[in-house]
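# Fold and contact review
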Amino acid sequence: MDQRHIRNFCIIAHIDHGKSTLADRLLERTGALSSREMMEQVLDSMELERERGITIKAHTVTLRYRAADGEEYLLNLIDTPGHVDFSYEVSRSLAACEGALLVVDASQGVEAQTLANAYLAVAQGLELIPVLNKIDLPQADPERVRQQIEQVVGIDASHALAISAKSGVGVEAVLEALVAHVPPPAGDPHAPLRALVFDAAYDPFRGVRCLVRVVDGRLFRGQAVRFLASGREAAVDELGVFTPRPVAVEQLAAGEVGYVFAGLKELAHVQVGDTLAEASFLGPALPGFAEAKPMVFAGLYPVDSSAYDALREALEKLSLNDSAFRFQPDTSQALGFGFRCGFLGLLHMEVVQERLEREFGLQLLTTAPNVAYRILTKRGELQEVHNPAQLPPEGMIERIEEPFILATILTPDTYLGGILQLVQERRGEQVRLEYLGGGRVMLEYRLPLAEVVLDFYDRLKSVSRGYASFDYHFDGFRPGNLVRLDLVVNGEPVDALAVIVHRDRAYTRGRALARKLKETIPRQLFEVVVQAAIGSRAIAREVIKPLRKNVIAKCYGGDITRKRKLLERQKEGKKRLKRVGRVDIPQEAFLAVLKVDV
Amino acid sequence: MRKSARAGSGVSNSAAPTAPYRRHSCGLYLHVPLCVSRCSYCAFVSTTELEQRGRLVSAIAGELDTLGRRAGRELRTLYFGGGTPSLLGAAELATIMAALRRWFVVAPGAEFTLEANPEDVAEERLQRWARLGVTRLSLGVQSFDENILRRLGRRHSAVKARWAVAAALAHGFTVSLDLMVGVPGEGAKQVEQSITEVLQLLPHHVSVYLLELDKPTPLAALATRCPDTFPDEDAAARAYLQVGKALVGAGYHHYEVSNFARPGFSARHNLRYWLGRSVLGVGPAAAGQVGRQRFANVEDIQLYLERLEAGSSPRAWARTLSEHELGVERLMLGLRLAQGVGEGAVQRLAPPEFCEQLQAFLALGLARRRGRRVRLTPRGWLVSSELLAYLV
Ligand SMILES: Nc1nc2c(ncn2[C@@H]2O[C@H](COP(=O)(O)OP(=O)(O)O)[C@@H](O)[C@H]2O)c(=O)[nH]1
Ligand SMILES: C[S@@+](CC[C@H](N)C(=O)[O-])C[C@H]1O[C@@H](n2cnc3c(N)ncnc32)[C@H](O)[C@@H]1O
Ligand code: SF4
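Residues numbered from 1 in each chain as written. Chains lettered and ligands numbered in written order. Predicted model: local features only at pLDDT ≥ 70, side-chain atom pairs only at ≥ 80, totals over all residues.

## Some remarks on the overall build of chain A
In terms of regular secondary structure, chain A is built from 14 helices and 34 strands. For chain A, the proportion of its 598 residues judged to be buried stands at 46%. Of the contacts formed within chain A by residues at least 6 apart in sequence, a portion of 70% connects residues at least 24 apart. (Helix = DSSP H or I, 4+ residues; strand = E, 2+ residues; numbered from the N terminus. Buried ≥ 20, exposed ≤ 12 C-beta atoms within 10 Å, placed from the backbone. Contact = placed C-beta atoms within 7 Å.)

## As for the overall build of chain B
Across its full length, chain B holds 16 helices and 15 strands. Expressed as a percentage of its 392 residues, the buried residues of chain B come to 46%. Of the contacts made within chain B by residues no fewer than 6 positions apart, 73% connect residues no fewer than 24 positions apart.

## Remarks on the site of ligand 1
Taken together, 16 residues form the shell around ligand 1, and within it A:Gly18, A:Lys19, A:Ser20, A:Thr21 and A:Lys166 come nearest. In terms of residue class, the shell around ligand 1 is built from four nonpolar, seven polar and five charged. (Near = placed C-beta within 6 Å. Nonpolar A, V, L, I, M, F, W, Y, C, P; charged D, E, K, R; others polar.)

## A few points about the interface of chain B and chain A
In this complex, chain B contributes 36 residues to the contact, which on the side of chain A involves 24 residues. Only strand E6 (205-210), helix H9 (233-249), helix H10 (268-274), strand E9 (279-282), strand E10 (287-290), strand E11 (293-297), helix H15 (378-382) and helix H16 (385-388) of chain B provide two or more residues apiece to the side of chain B that touches chain A. The dominant element in the side of chain B that touches chain A, judged by the number of residues it contributes, is H9(B), at four residues. Looking at side-chain class alone, the side of chain B that touches chain A contains 22 nonpolar, six polar and eight charged residues.

## Structural notes on the environment of B:Thr48
Relative to the helices and strands, B:Thr48 is located in the loop between strand E1 (26-32) and helix H2 (53-71). Once residues lying within four places of it in the same chain are set aside, the contact partners of B:Thr48 are B:Cys35, B:Val36, B:Ser37 and B:Arg38.

## Here we look at the packing of helix H3 (residues 87-95) of chain A against helix H4 (residues 112-123) of chain A
All names here are of chain A. Packing of H3 against H4 brings their axes to within 10 Å, and their N-to-C directions diverge by 45°. The orientation of H3 with respect to H4, classified from their angle, is oblique. When you trace H3 past H4, the crossing you get is right-handed. Every residue of H4 that contacts H3 at Val 90, Ser 91 and Leu 94 is listed here: Asn 117, Leu 120 and Ala 121. Classifying every residue of the contact of H3 with H4 gives four nonpolar, two polar and no charged. (Axes fitted to C-alpha atoms, helices over the stretch in contact; angles between N-to-C directions. Parallel < 35°, antiparallel > 145°, perpendicular 65-115°, else oblique. Left-handed = near helix turned anticlockwise from the far one by under 90°.)

## Thoughts on helix H14 (residues 352-363) of chain B
When the terminal C-alpha atoms of H14(B) are compared, their 17 Å separation across twelve residues agrees well with the 16 Å that a helix rising 1.5 Å per residue should span. Looking at the buried side of H14(B), the elements it contacts are strand E14 (367-370), strand E15 (373-376), H15 and H16 of chain B. (Expected span 1.5 Å × (residues − 1).)

## Re the sheet that holds strand E6 (residues 161-162) of chain A
All names here are of chain A. Spatially, the six strands line up as an open sheet ordered E2-E3-E1-E4-E5-E6, and their pairing is mixed. Of all strands in the sheet, those with a lone pairing partner are strand E2 (60-66) and E6, marking the two edges. Alignment of strand E4 (residues 99-105) against strand E5 (residues 127-133), held across seven bridges, turns out to be parallel. Its bridge partner lying in E5, Asp 105 is registered against Asn 133. Contacting strand E1 (6-13), E2, strand E3 (72-78), E4, E5 and E6, helix H6 (residues 171-181) runs over the sheet at an angle of about 170° to E5. (Pairing = 2+ DSSP bridges.)

## Considerations on the sheet that holds E14(B)
Residues and elements named next belong to chain B. Strand order in the open sheet made by the three strands is E13-E15-E14, with antiparallel pairing throughout. Looking at the sheet topology across the chains shown, the edges are occupied by strand E13 (341-342) and E14. Two strands pair when backbone bridges link them, and E13 and E15 are joined in this way by two bridges, in the antiparallel orientation. Bridge assignment links Gly 342 to a residue of E15, and that residue is Arg 373. H14 rests against E14 and E15 of the sheet, and its axis sits at about 90° to E14.

## Considerations on the nonpolar core
Formed by 170 residues in total, the largest nonpolar core has its most connected members in A:Ile12, A:Ala100, A:Leu101, A:Leu102, A:Val131, A:Val212 and A:Leu487. Those residues in contact with A:Ala100 that lie beyond four places of it in its chain are A:Phe9, A:Cys10, A:Ile11, A:Ile12, A:Ala121, A:Leu126 and A:Leu128. Of all hydrophobic cores here, the second largest spans 113 residues; its members include B:Tyr41, B:Leu210, B:Leu335 and B:Ala350. (Core = buried A, V, L, I, M, F, W, Y, C linked by C-beta atoms within 7 Å.)

## Some points on the site of ligand 2
Every one of the 17 residues lining ligand 2 counts as a neighbour, but B:Tyr41, B:Gly140, B:Asp178, B:Tyr209 and B:Glu212 are closest to it. At ligand 2, the nearby residues belong to more than one chain, namely chains A and B. Taken together, the elements giving at least two residues each to the shell around ligand 2 come down to strand E4 (136-142) and strand E5 (174-181) of chain B. Among the residues forming the shell around ligand 2, the class breakdown is seven nonpolar, six polar and four charged.

## Section: the pairing of strand E7 (residues 253-256) of chain B
Residues and elements named next belong to chain B. Pairing of E7 with strand E8 (residues 259-261), which is carried by three bridges, proceeds in the antiparallel orientation. Among the inter-strand pairings, His 253 is bridged to a residue of E8, identified as Ala 261. Taken together, E7 and the strand that follows it, E8, pair antiparallel across an intervening segment of two residues.

## As for the confidence of the model for chain A
Averaged over chain A, the pLDDT score is 86; the fraction of residues at 70 or greater is 93%. Confidence, expressed as mean pLDDT per element, reaches its minimum in chain A at helix H2 (residues 47-52) of chain A with 45 and its maximum at E5(A) with 97. (pLDDT = per-residue confidence, 0-100.)

## Some remarks on the packing of H2(B) against helix H3 (residues 90-103) of chain B
Residue and element names in this part refer to chain B. At a minimum axis separation of 8 Å, H2 and H3 run at an interaxial angle of 5°. It follows that H2 is roughly parallel to H3 by the angle criterion. Residues Arg 53, Val 57, Ile 60, Ala 61, Leu 64, Asp 65, Gly 68 and Arg 69 of H2 pack against Glu 92, Thr 95, Ile 96, Ala 99, Leu 100, Arg 102 and Trp 103 of H3. In the contact of H2 with H3, the residues fall into eight nonpolar, two polar and five charged.

## Quick word on unusual backbone geometry
All names here are of chain B. Look at the link from Gly 82 to Gly 83: it is a cis peptide, with omega at 15°. Along the chain, the position of Gly 83 falls in the loop between strand E2 (74-82) and H3. Residues other than glycine seldom take positive phi values, yet Leu 202 does so here, at roughly 50°. Note that Leu 202 resides in the loop between helix H7 (188-201) and E6.

## Topic: the pairing of E1(A)
Residue and element names in this part refer to chain A. Summarising burial for E1: eight of the eight residues are buried, a large majority. Neither face of E1 is open: one carries Ile 6, Asn 8, Cys 10 and Ile 12, the other Arg 7, Phe 9, Ile 11 and Ala 13, and all of them are buried. Bridge analysis of E1 against E3 gives five bridges, and the strand direction is parallel. When the sheet's bridge partners are listed, Cys 10 is paired in E3 with Ile 78. Where E1 lies against E4, five bridges are found, and the strand directions are parallel.

## A look at helix H5 (residues 142-153) of chain A
Residues and elements named next belong to chain A. With twelve residues, H5 should cover 16 Å at 1.5 Å per step; its first-to-last C-alpha distance of 16 Å lies within 8% of that length. Considered for burial, the residues of H5 that qualify are Val 145, Gln 148, Ile 149, Val 152 and Val 153. Each buried residue of H5 lies within a common arc of 105° when the element is viewed along its axis, so the set occupies one face. Contacts made by the buried residues of H5 are with E4, H4, E5, strand E25 (429-437) and strand E26 (440-448). Looking at the residues trailing H5, positive phi occurs at Gly 154, about 80°. (Arc of directions from axis to C-beta.)

Below is the structure:
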């Protein structure tokens, strides 16, 4: 179709503000779905995503719409991942669009997720169409929210559409606004092919399926193509569009969006953000490519060490359709054989963990997550450390850099005090604080990612009674006064318990950790000394007195069988202990470290 | 898990004596599940509905009859436990003894123990028991502190207990006395007092039991509600070691985790359990072992009565232990004895984690090696489950 009749757009919304409902309506209005198919909110597909109400993988759907002007338009709705952990993927999806619907719940107002993604969209030059949803609700206040959008997002909201995605009121106007306000694609249909890969997924039968936005030229079946960043060459086996059912087509022209199979067998062969071009193409790639880089790391160990192979297979399978997920074998003297895994963020980590446990039936032990650190050694070498236990000795370190984030928090002003205290505790640095009226405040803070990975969400939720919303973007590495805190049990540092902390906080944290370990390690046959140490200097010490009594006092005739059962139960309990040196440490101890709050 | 009783398994009415029962010497345990009142810590199978006693005595006599018909043999040890066998009247005891003597021969020099509540001890009873052939009385003294006795729900006073022990000794019985440590209200003073009293009475045998709370009893419930009423782990352990040390100092041999005896007075019946020798069991919940066979009667007293009155077997389950199971059990029980176990048996039967833990016990002085044998020390016994758990 002629580019002037194509509109590529996405929907930006905070969770629960009605993105999926509106998407369903749009599909329905354009006849893309029968009502039976409407049963499912179609754009989310994995079970887990649906449960958590988040969309992990971008999907897309092509809608045919006959507008009021009598012309037929192709509207490509590109779904974006909703969560901060996937902000790079979000930015690639946005890059495939010329416009976005900014959906805000008119009864709630702007939230952090709305803002963070709206900023990204503005920065990428998208045309934003403000949509005030849920006006059917009695508490909806579209006028206030309209003003809020102008003030916080900084865009003209005078033409904001007031709709009810639920009842369908105003949905027609949304379609018309897309046609009227989203610019048509501006690529050159006659130039050599350049297509943006904005998503890749693995299909067990067909191999890798890429979602592409053709920017220049055209993509057709049988074409010899090359991925410019990876250099990998391939031939187009099949291409098509989602209606939302996949429908094969002969070609995708400039401005169009669709899927491509090019005979690739591994997800690792494709990187989101890469440019697909003719095999012989010599020109520049599309801008904005970056490798999805894990920022959060944790050790994953099977609870039962015999499940190691099963875990490896599961991780391999998982990485087939999650290109941002990384893993490599790792051994811990405390936890045995396992894997060091890299995630985009905390949510990504949780999702992976849950899938491993749910889909693969594995029982896992996860160490406290940590961020990636950059080390400059005294000898001038740069290294990236993903595991606190591998930090070089203090004397060899010139400088440690840690990743920072720019966090956006929106909250009712009642909770401002508590939140300010929290971000201060977490070494936050204020960038912006703005009163939005209606008793709402917007905060922007620069925070070390390390201070967010542990329990920031939970704390924020509790200080704001769940009313604050939060989003963030990666904001580069910065040097920090950081030290490694070791936990030493009877003279042996327990590698899986090492943490990197800010020097000012090492003392309190060390004490809290040592105390926590004392609480979780059961008494042993001998005295156990738990120390927190920086280098060779102990900063906290706790003593676990030896066990004095664990005996079956009476053991006669009929009882022998029963007493044996008692012992068997004790033995079962021992299986959950990991022996470090001579000390048996329960698995809970490794998790308890996650819960220490200082 | 308990297996359900199968008709024909265990006891049958067939008059043909089975060979294994005859070949070996044997002990017999007879459970009398009657108590005047329940003590707060006790989970033994017993009822306070004393009106059941007639039926019970008949049923027990009936079980002895069937069992004896099939497997009558010479008994080296006889143990009437409970419950409270000392409650039984002259006629009741006579009924039981008659059934017993009809099919079993009590070997010359056999040990015949009767468990007695101190409250039940009286001159004429002592005489009666002696006449019936009882050689040994096991008296449940528990404590010499009136306050503790009350909390334990004991019927008797410390004064009565003291008298009962002395009277039993005066009548020439071998006397064993049960003490409990780690009980609520126990402090250093009460422990001292127990030691002084026991050493004054100087019974032949003393059992010192650390309070166990693993079964649902009123005292176990109290321990969850107010743990502070109990001496803590360290205090209980100290009390156990202190009593033990005093007894050993007075010439007692600490021959099993909870048992002390003056030379020559170890409990022969109980040793049969610990050495894996054959013991028959009669009465509700009674268990026994013959060769590799282990079996137990139903625990429910009503069910026991119904079974016997219907002429069927009271057996709840019976099973044959494998050689390996027996070996492992022998290690487990052997390590509870002062004589310990042979290193060869350990090497043959124990898993590597056990051997590793045994090394730790040896290194920490919780176990000792002498020649080719290893044994646990009293401090080792106190934490013995930390080792024995690796056996099963
Ligand atoms: N009253 C009302 N509820 C709506 C409207 N749009 C969506 N909802 C409800 O809001 C909730 C969240 O909607 P959903 O589309 O799942 O939000 P998403 O998380 O942004 O995809 C659901 O319970 C919807 O039924 C609306 O216009 N009016
Ligand atoms: C089965 S009782 C029978 C004794 C008799 N009925 C009496 O009370 O005198 C044997 C001994 O086991 C001990 N005992 C019972 N329950 C116990 C428990 N929960 N913990 C420790 N010892 C216990 C007591 O010392 C008791 O005297
Ligand atoms: S300790 Fe003895 S008297 Fe007390 S309830 Fe138990 S069996 Fe009966």
